Amino acid sequence: MIENVGTYDRALRVIAGCALIGVAIGLVPEYQTNWAWLGLVPLATGLLGTCPAYSLLGISTCKT
């Protein structure tokens, strides 16, 4: 897979993914929802460095 997610973009995705997963597992019980499990998507794309949506749209935040 070709990397298309830059360094800052990856960091933001990992932070957002971890925050959403933290909410989902109950670290913040009053905001616990099933929607928080969507945190797996930004976490995975941040760790792998590739985003399928970016590939479809022809976007890349990596330095060339």
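Worth saying up front: this structure is predicted, and the values here are computed from it rather than measured. (Residues numbered from 1 in each chain as written. Predicted model: local features only at pLDDT ≥ 70, side-chain atom pairs only at ≥ 80, totals over all residues. Heavy atoms only, no water.)

Peer 1: Explain the overall build of the chain to me, using residue names and the numbers behind them.
Peer 2: Of regular secondary structure, the chain possesses three helices and zero strands. Listing the helices and strands of the chain from first to last along the sequence gives α-α-α. The buried share of the chain, reckoned over its 64 residues, is 30%. Contacts in the chain between residues at least 24 apart in sequence constitute 64% of all its contacts with a sequence separation of at least 6. With the model as given, the accessible surface of the chain reaches about 4,800 Å², and the carbon-plus-sulfur share is 70%. (Helix = DSSP H or I, 4+ residues; strand = E, 2+ residues; numbered from the N terminus. Buried < 20%, exposed > 50% of the residue type's maximum accessible area, 1.4 Å probe, protein only. Contact = heavy atoms within 4.5 Å. Areas by Shrake-Rupley, 256 points an atom, 1.4 Å probe, with all protein chains shown as cover.)

Peer 1: Before we move on, can you summarise the side chain of Asn4 with the specific residues and values?
Peer 2: Counting through the fold element by element, Asn4 comes out in the segment before helix 1 (7–24). Here Asn4 falls in the buried class, since its relative accessible area comes to 5%. From its side chain, Asn4 meets the backbone nitrogen of Cys51 in a polar contact 2.8 Å long. Among all residues touching Asn4, those that are not within four sequence positions of it are Gly49, Thr50, Cys51, Tyr54, Ser55, Ile59, Ser60, Thr61 and Cys62. (Polar contact = N/O pair within 3.5 Å; in protein donor to acceptor, adjacent residues only side chain to side chain.)

Peer 1: Give me the lowdown on the packing of helix 1 against helix 2 (residues 40–48), citing residues and values where you can.
Peer 2: Relative to each other, helix 1 and helix 2 sit at 145 degrees, their axes nearing to 7 Å. The way helix 1 lies across helix 2 gives a crossing that is left-handed. Between helix 1, through Arg10, Arg13, Val14, Gly17, Cys18 and Ile21, and helix 2, the contact on the second element is made entirely by Leu40, Pro42, Leu43, Thr45, Gly46, Leu47 and Leu48. For the contact of helix 1 with helix 2, a count of residues per class yields eight nonpolar, three polar and two charged. (Axes fitted to C-alpha atoms, helices over the stretch in contact; angles between N-to-C directions. Left-handed = near helix turned anticlockwise from the far one by under 90°. Nonpolar A, V, L, I, M, F, W, Y, C, P; charged D, E, K, R; others polar.)

Peer 1: If you had to explain the confidence of the model for the chain to someone new, which residues and values would you point to?
Peer 2: Summing up the model confidence of the chain, the mean pLDDT is 87 and the portion of residues at 70 or higher is 86%. Mean pLDDT across the elements of the chain bottoms out in helix 1 (91) and peaks in helix 2 (94). (pLDDT = per-residue confidence, 0-100.)

Peer 1: Tell me about helix 1, and name the residues and values.
Peer 2: Taking 1.5 Å of rise per residue, the 18 residues of helix 1 would be expected to cover 26 Å, and the 26 Å separating its terminal C-alpha atoms lies within 8% of that figure. Turning to helix 1, its buried residues number three or more, namely Asp9, Arg13, Gly17, Ile21, Gly22 and Ala24. Tucked into the core, helix 1 has its buried residues touching helix 2 and helix 3 (52–57). A positive backbone phi angle near 100 degrees is found at Gly26, which sits one or two residues after helix 1. (Expected span 1.5 Å × (residues − 1).)

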